[in-house]
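Tertiary structure, described
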Amino acid sequence: MTLSKVWVFAETDNGAPTSVSLELLTKARELGATVEAFIAGDGTTVAGSLGEYGAGKVYALPLEGTLVGPAAAASLAQLAEQESPDLILFPMDYDGRDTLGRLSARIDRPVITDGIDVVLNGDAVAVVKGIFGGTQIVTTTFTAGPPCLAGIRPKSFTAEPSGGGAAEVVEAPSVDVGRAGAAQVTDRHVEEQVGPKLEDAAVVVSGGRGLGGAEHYGLVEDLAKLLKGAAGASRAIVDSGWVPYSHQVGQTGKTVKPKVYVACGISGATQHL
């Protein structure tokens, strides 16, 4: 059995859909007869890419200088009432989490976060997730009415194109959110990137407290560069100020899925062969 309609909260990076957006669209095709996307931004620039991965329609909410969460949640709430999706998938990143929580409050629906899979039990939607640091896997079923709201961790699915054409772009409703929309984005800081992005790298070299000091983290970066990979870090050395949070790998950092992972001085690291 498949659902009638599945939506994906899609995002962009440098004008292109993020990898997790394409991953969620791929999963949505498996779950729903109709797949559509919502994006806070210009839908025309990504209609081709989102359509290639299964979106038949893109609801685009133009935003200029405002935070995504309040405006996107209000727009989605109105759209959901009109269009009745069965399931809305969100990436577990900053804007995804923010919008998901706000939408839940607006439409009075529960959420399941940190999912690694979504399955159908008859006509019920269930989310598979890890608990207790990933040592146990549980499947939780939604019992409230649609839409089901699920937050999914990046790299849970493999993005695969469907060969579809460009998605139809429809302007999403703009809703006055009052004081919640008063905050303005005045500037954006983009950290200088050398080599592949950590979350997309095929090789990741991570360092931990066992390195002995911040001055030794350069060894991790040098090895990552030699292997044409990305340098990561444990939460311990991020919290200690050795490296920026953008380097953090793990449950409270970035989700990675490399072909090779090298852990240097990280307690509890395991080797999988």
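Our structure's up above, just so we're on the same page.
Heads up: these notes are all about the structure in this document.

**Describing the overall build of the protein chain**
- Each helix and strand counted, the protein chain has 6 helices and 14 strands in total.
- On C-alpha atoms alone, the protein chain measures out to a radius of gyration of 20 Å, which is about the 19 Å that the 2.2 N^0.38 rule sets for 273 residues.
- Buried residues in the protein chain amount to 42% of all 273 residues.
- Within the protein chain, contacts between residues separated by at least 24 positions form 71% of all contacts whose residues are at least 6 apart in sequence.
- For the protein chain, the exposed surface amounts to about 14,100 Å²; the carbon and sulfur share of it is 49%.
- For the protein chain, the distance from the average position of its 21 positive side-chain charges to the average position of its 31 negative side-chain charges is 5 Å.

**Side note on the nonpolar core**
- In this structure, Leu25, Leu50, Leu87 and Leu89 are the most contacted members of the largest nonpolar core, which totals 31 residues.
- Those elements giving two or more residues to this core turn out to be strand 1 (3-10), helix 1 (19-31), strand 4 (32-39), strand 5 (57-60), strand 6 (87-91), strand 7 (111-121), strand 8 (124-131) and strand 10 (148-152).
- Broken down by element, the residue count for this core peaks at 6 residues, all from helix 1.
- If near-sequence neighbours (up to four positions away) are discounted, Leu89 is found in contact with Val6, Trp7, Val8, Phe9, Leu24, Ala28, Val118, Ala150 and Ile152.

**Section: unusual backbone geometry**
- In this model, Pro146 is joined to Pro147 through a cis peptide bond whose omega is 5°.
- By secondary structure assignment, the location of Pro147 is in the loop between strand 9 (136-141) and strand 10.
- In this structure, Asn14 takes a positive phi of about 55° despite not being glycine.
- For Asn14, the position within the fold is in the loop between strand 2 (12-13) and strand 3 (16-17).
- By relative accessible area, which is 78% here, Asn14 ends up exposed.
- Phi at Lys228 takes a positive value of approximately 60°, unusual for a residue other than glycine.
- Mapped onto the secondary structure, Lys228 falls in the loop between helix 5 (217-226) and strand 13 (230-233).

**Section: the packing of helix 3 (residues 68-83) against helix 4 (residues 94-107)**
- Close contact between helix 3 and helix 4 brings their axes to 8 Å; oriented N to C, the two are set at 45°. As judged from the angle between their axes, helix 3 and helix 4 are oblique. In this structure, helix 3 crosses over helix 4, and the sense of that crossing is right-handed. Contacts between helix 3 and helix 4 involve Val68, Gly69, Pro70, Ala72, Ala73, Ala74, Leu76 and Ala77 from the first element and Asp95, Asp98, Thr99, Arg102, Leu103, Arg106 and Ile107 from the second.
- Split by residue class, the contact of helix 3 with helix 4 holds 9 nonpolar, 2 polar and 4 charged.

**Side note on the side chain of Lys27**
- Here Lys27 is to be found in helix 1.
- At 2.9 Å, the side chain of Lys27 forms a polar contact with the side chain of Glu30.
- In contact with Lys27, not counting residues within four places along its chain, are Asp117, Val118 and Phe157.

**Topic: the sheet that holds strand 14 (residues 260-264)**
- Read from one edge of the open sheet, 3 strands run 13-12-14, paired in parallel fashion. Since the sheet does not close on itself, it has two edges, and those belong to strand 13 and strand 14, each with one partner. Strand-to-strand twist of the sheet, defined as the mean angle between neighbouring strand axes without regard to direction, takes the value 25°.
- Across 5 bridges, the pairing between strand 12 (residues 203-207) and strand 14 is parallel. Paired with Val204 across the strands is Tyr261, a residue of strand 14.
- Along the sheet, helix 5 contacts strand 12, strand 13 and strand 14; its crossing angle with strand 13, the most-contacted strand, is approximately 145°.

**Considerations on the environment of Gly165**
- Looking at the secondary structure, you find Gly165 in the loop between strand 10 and strand 11 (168-171).
- For Gly165, a relative accessible area of 52% gives the class exposed.
- Separated by 116 residues in sequence, Gly165 and Ser49 have C-alpha atoms that sit 8.5 Å apart.

Rules used throughout
- Residues numbered from 1 in each chain as written.
- Predicted model: local features only at pLDDT ≥ 70, side-chain atom pairs only at ≥ 80, totals over all residues.
- Heavy atoms only, no water.
- Helix = DSSP H or I, 4+ residues; strand = E, 2+ residues; numbered from the N terminus.
- Rg over C-alpha atoms; globule rule 2.2 N^0.38 Å.
- Buried < 20%, exposed > 50% of the residue type's maximum accessible area, 1.4 Å probe, protein only.
- Contact = heavy atoms within 4.5 Å.
- Areas by Shrake-Rupley, 256 points an atom, 1.4 Å probe, with all protein chains shown as cover.
- Lys, Arg positive; Asp, Glu negative; His and termini not counted.
- Charge placed at Lys NZ, Arg CZ, Asp CG, Glu CD.
- Core = buried A, V, L, I, M, F, W, Y, C linked by side-chain atoms within 4.5 Å.
- Axes fitted to C-alpha atoms, helices over the stretch in contact; angles between N-to-C directions.
- Parallel < 35°, antiparallel > 145°, perpendicular 65-115°, else oblique.
- Left-handed = near helix turned anticlockwise from the far one by under 90°.
- Nonpolar A, V, L, I, M, F, W, Y, C, P; charged D, E, K, R; others polar.
- Polar contact = N/O pair within 3.5 Å; in protein donor to acceptor, adjacent residues only side chain to side chain.
- Pairing = 2+ DSSP bridges.

Bear in mind that shape data such as this cannot, by itself, settle questions of function.
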